[in-house]
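Residue-level structural notes
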Amino acid sequence: MSRFGKLEETFDIPELNSQVPDPERVVDQATELTHAYENTDPDQLHDEEMDEIAQLALEYGKSLHDLGMNVEVKHAGEIFTASGNMLKIASDARN
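A brief report on the enclosed structure follows. What you are looking at is a predicted structure, and each value in this text was computed from that prediction instead of being measured.

**Overview of the overall build of the protein**
Tallying secondary structure elements over the protein gives four helices and zero strands in all. For the protein, the α and β elements follow one another from N to C terminus as α-α-α-α. For the protein, the residues scored as buried account for 12% of the 95 residues in total. Long-range contacts, defined here as pairs at least 24 residues apart, represent 43% of the contacts in the protein between residues at least 6 apart.

**As for a nonpolar patch on the surface**
The grouping of Leu7, Phe11 and Ile13 at the surface amounts to a nonpolar patch, some 310 Å² of accessible area in total. When you line up the elements, Leu7 lands in helix H1 (residues 5-10). Residue classification places Leu7 among the partly exposed positions, given a relative accessible area of 46%.

**Topic: the packing of helix H3 (residues 42-69) against helix H4 (residues 73-94)**
Remark: H3 packs on H4, axes separated minimally by 8 Å, with the N-to-C direction vectors making an angle of 160 degrees. Viewed along their axes, H3 and H4 adopt a mutual orientation that is roughly antiparallel. Seen along the crossing, H3 lies across H4 with a hand that is left-handed. When its residues are assigned to classes, the contact of H3 with H4 shows 18 nonpolar, five polar and two charged.

**Some remarks on H3**
In this model H3 runs 41 Å from its N-terminal to its C-terminal C-alpha over 28 residues, within 8% of the 40 Å that 1.5 Å per residue would give. Within the span of H3, buried status applies to Ala54, Ala57, Gly61 and Gly68. For H3, the elements touching its buried residues are H4.

**Looking at the side chain of Ser83**
By the element assignment, Ser83 lies in helix H4. A polar atom in the side chain of Ser83 sits 2.9 Å from the backbone oxygen of Gly61. Setting aside chain neighbours within four positions, we find Ser83 in contact with Gly61, Leu64 and His65.

**Some words on the pattern of salt bridges**
Inspection of the entire model under this criterion finds three salt bridges. Measuring nitrogen to oxygen at the nearest pair gives 3.4 Å for the salt bridge that ties Arg94 to Asp51. Placement of the pair is Arg94 in helix H4 and Asp51 in helix H3, with a sequence separation of 43 residues. Classification of Arg94 as partly exposed rests on a relative accessible area of 47%. Two residues, Glu72 and Lys74, come together in a salt bridge whose shortest N-O distance is 3.9 Å. As far as burial versus exposure is concerned, Glu72 and Lys74 are alike and both exposed.

What counts as what
Residues numbered from 1 in each chain as written. Predicted model: local features only at pLDDT ≥ 70, side-chain atom pairs only at ≥ 80, totals over all residues. Heavy atoms only, no water. Helix = DSSP H or I, 4+ residues; strand = E, 2+ residues; numbered from the N terminus. Buried < 20%, exposed > 50% of the residue type's maximum accessible area, 1.4 Å probe, protein only. Contact = heavy atoms within 4.5 Å. Patch = residues over 30% accessible without salt bridge, like charges linked within 9 Å, V, L, I, M, F, W, Y side chains within 5 Å. Areas by Shrake-Rupley, 256 points an atom, 1.4 Å probe, with all protein chains shown as cover. Salt bridge = Lys/Arg side-chain N within 4 Å of Asp/Glu carboxyl O. Axes fitted to C-alpha atoms, helices over the stretch in contact; angles between N-to-C directions. Parallel < 35°, antiparallel > 145°, perpendicular 65-115°, else oblique. Left-handed = near helix turned anticlockwise from the far one by under 90°. Nonpolar A, V, L, I, M, F, W, Y, C, P; charged D, E, K, R; others polar. Expected span 1.5 Å × (residues − 1). Polar contact = N/O pair within 3.5 Å; in protein donor to acceptor, adjacent residues only side chain to side chain.

Here you go:
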């Protein structure tokens, strides 16, 4: 039993010495990850993420605009500024 025997027993963890990875398996996993990365298109992923950000920013901008229309005039200015910032973020994300 290792010096962490009580912890291993309590948390049902196998002995640390038994967890030495097989080098061939590690190389195979690295190769699989490399092929998976090579098959992805970073530009497409970036475009999808930017589209998602733009959509969320538009939704929040519209929500803030609606809120600005339903509050007192003295508070509406700050809300409309935030709404405008959200629309700018949406526009920047699309571009």
